[in-house]
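Chain by chain, the residues run as shown.
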Amino acid sequence: AAAVAAAVDGLERRLEPPPPIANAYADPLGAPLPKTLEQAVELFRNSALARDWFGDEFVEHYAATRAWEVRQYNKAVTDWELARYFESI
């Protein structure tokens, strides 16, 4: 739905699409993409386009569910962390 909203917005504003790129994370000309889910949540939460297309209620709810996911992830201890910690004691 977000891709369709972005496409329609570009068509309505008669934006010229940029040239295709092979790697969006390495494109020096484009806006940097978020490197974490936490950054993506904040960009989404602050997006006027998302709020126009999906409404404040949906944006707040969806952003809250992803923020919860970030908090759950940050509480998790991975196998690598356990092995690394136990290796040092």
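Here we summarise the structure given alongside this text.

### A short note on the environment of A6
- Residue position: A6 is located in helix α1 (residues 2–12).
- Sequence-wise, A6 and A50 are 44 residues apart; in three dimensions their C-alpha atoms are separated by 9.0 Å.

### Looking at the environment of A40
- Note on placement: A40 falls in helix α2 (residues 37–45).
- The exposure class of A40 is partly exposed, given its relative accessible area of 28%.
- A C-alpha to C-alpha distance of 12 Å links A40 and Y62, two positions 22 residues apart in sequence.

### Some points on the packing of aromatic side chains
- This model, assessed by the stated rule, comprises 4 aromatic pairs.
- With 5.6 Å between their ring centres and 75 degrees between their planes, F44 and Y62 make a pair best called edge-to-face. Pair noted here: F44 is in helix α2 and Y62 is in helix α4 (residues 56–75), with a separation of 18 residues, a long-range link.
- Against the face of Y62 rests R66, its NZ or CZ located 5.3 Å from the ring centre.

About the cut-offs
- Residues numbered from 1 in each chain as written.
- Predicted model: local features only at pLDDT ≥ 70, side-chain atom pairs only at ≥ 80, totals over all residues.
- Heavy atoms only, no water.
- Helix = DSSP H or I, 4+ residues; strand = E, 2+ residues; numbered from the N terminus.
- Buried < 20%, exposed > 50% of the residue type's maximum accessible area, 1.4 Å probe, protein only.
- Phe/Tyr/Trp six-rings, centres within 6.5 Å; stacked < 30°, edge-to-face > 60°.
- Lys NZ or Arg CZ within 6 Å of the ring centre and 35° of its normal.

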